[in-house]
Structure formats: structure tokens, C-alpha cells
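Listed below, chain by chain, are the residues.
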Amino acid sequence: MYNCAKCPGYCCSYPTIELTKRDVERLGKHFDISFKKAAKKFTKKDPDARTPYAMRRKKDEHFGKICQFFDTDKRRCTVYEGRPKICREYPGGGRCGYYDFLSSERRAMEDPDHVAST
């Protein structure tokens, strides 16, 4: 198994975080704004996305860029209750490959706080 609380947010750093219309609606509801305002404020066009919307991102010292809703100091999601479906379903199984990698690196370095960035 894995523990997201011990991860620096690797999945939040993916180059494209695809959003559905329902995801944008959920974010709008979370911030008490309309779908149209949420789409304009939180999404961007991304030619690599398979969906009509993609999450805007911001700078991150570990991964270069990360989801705009990720707290880069606390390394946590700030919209957990309103997070998109792709985030709710990640990693899609019982194991997270990055968490396994990070755990191995931390054991090898004998450093429980080591962050292995890409």
C-alpha cells in the first residue's frame, strides 16, 4: 500500500492533469462560483489533453510545475473535497509506483524526509 501523506505530491506534478466538465463543476461548487468562472480561472487548453479542460499549474521547487491547488509548503492538496476525478482515482490500483520508489530512496539514504524529484 501507499501513504499520500508521506509523498511530496508527484501525481500533482504531471504535465497534463485532465479535467472533465463534471470536475470543473465540482471545483466551481467548492469555491461557490459558476461553471463558466471556474473554467476560466482554473483550466487551460492543452493540446495533449484528451478532455476539453486541463488544470492550470504553478511553479514548484521539486518538480518544476505542479497543480495550482497544491500547497507547496505543506505538500498537500488545498481542494481535497473538490478535487477532480482523476485525483480521486489515482493511482488506479493498490500500489503507487512513485511511493514505492520514494520509500526505497528514503531507506537507502537513511533519510525519512528525502524527496526524489524527477
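Residues numbered from 1 in each chain as written. Predicted model: local features only at pLDDT ≥ 70, side-chain atom pairs only at ≥ 80, totals over all residues. Heavy atoms only, no water.

Draft legend 1. Just the overall build of the protein chain, in detail. Each helix and strand in the protein chain was counted, giving 4 helices and 7 strands. At 15 Å, the protein chain has a C-alpha radius of gyration in line with the 13 Å of a compact globule built from 118 residues. Structurally, the protein chain occupies a C-alpha span of about 50 × 30 × 30 Å along its principal axes. Put simply, the protein chain has 118 residues, and 35% of those count as buried. Long-range pairs, those at least 24 residues apart, make up 57% of the contacts in the protein chain between residues at least 6 apart in sequence. (Helix = DSSP H or I, 4+ residues; strand = E, 2+ residues; numbered from the N terminus. Rg over C-alpha atoms; globule rule 2.2 N^0.38 Å. Buried < 20%, exposed > 50% of the residue type's maximum accessible area, 1.4 Å probe, protein only. Contact = heavy atoms within 4.5 Å.)

Draft legend 2. Spotlight on the nonpolar core. Judged by nonpolar contacts, the single largest core of 21 residues is most densely connected at Val24, Leu27, Met55, Cys67, Phe69 and Tyr98. Look past the residues within four positions of valine 24 in its chain and what remains in contact with it is Leu19, Phe35, Ala38, Ala39, Thr43 and Tyr53. (Core = buried A, V, L, I, M, F, W, Y, C linked by side-chain atoms within 4.5 Å.)

Draft legend 3. Spatial organisation of the side chain of arginine 26. Inspection of the secondary structure assignment puts arginine 26 in helix 1 (residues 21-31). Apart from residues lying up to four places away in sequence, arginine 26 is in contact with Glu81, Gly82, Arg83, Pro84, Lys85 and Arg88.

Draft legend 4. A look at the sheet that holds strand 1 (residues 18-19). Strand order in the open sheet formed by 3 strands is 1-3-2, with antiparallel pairing between adjacent strands. The sheet is open, and its two edges are formed by strand 1 and strand 2 (43-44), each paired on a single side. For strand 2 and strand 3 (residues 53-55), the ladder comprises 2 bridges, and the chain directions are antiparallel. Bridge pairing links lysine 44 to alanine 54 in strand 3. (Pairing = 2+ DSSP bridges.)

Draft legend 5. Representation of a positive patch on the surface within the structure. On the surface, Lys44, Arg56, Lys59 and Lys65 cluster together to form a positively charged patch. Among the structural elements, arginine 56 can be located in the loop between strand 3 and strand 4 (57-60). (Patch = residues over 30% accessible without salt bridge, like charges linked within 9 Å, V, L, I, M, F, W, Y side chains within 5 Å. Areas by Shrake-Rupley, 256 points an atom, 1.4 Å probe, with all protein chains shown as cover. Salt bridge = Lys/Arg side-chain N within 4 Å of Asp/Glu carboxyl O. Lys, Arg positive; Asp, Glu negative; His and termini not counted. Charge placed at Lys NZ, Arg CZ, Asp CG, Glu CD.)

Draft legend 6. Quick look at the state of the cysteines. Per the stated rule, a full pass over the model turns up 0 disulfides. A disulfide-free cysteine, cysteine 11 has its sulfur positioned 4.1 Å from the sulfur of cysteine 12, the nearest such atom. Taking the relative accessible area as the measure of exposure, cysteine 11 reaches 29% and is therefore partly exposed. In this model cysteine 77 remains outside any disulfide bridge; the closest cysteine sulfur is found in cysteine 12, 6.4 Å from its own. Overall, cysteine 77 belongs to the partly exposed group, its relative accessible area being 34%. (Disulfide = S-S within 2.5 Å.)

Draft legend 7. The arrangement of the packing of aromatic side chains in detail. On inspection of all chains with the given rule, the structure shows 7 aromatic pairs. An aromatic cluster of three or more residues is present, and its members are Tyr10, Tyr14, Phe63 and Tyr90. The ring of phenylalanine 35 has lysine 21 lying over it, and the distance from NZ or CZ to the ring centre is 5.8 Å. The aromatic ring of tyrosine 80 is capped on one face by arginine 83, whose charged end is 3.7 Å from the ring centroid. (Phe/Tyr/Trp six-rings, centres within 6.5 Å; stacked < 30°, edge-to-face > 60°. Lys NZ or Arg CZ within 6 Å of the ring centre and 35° of its normal.)

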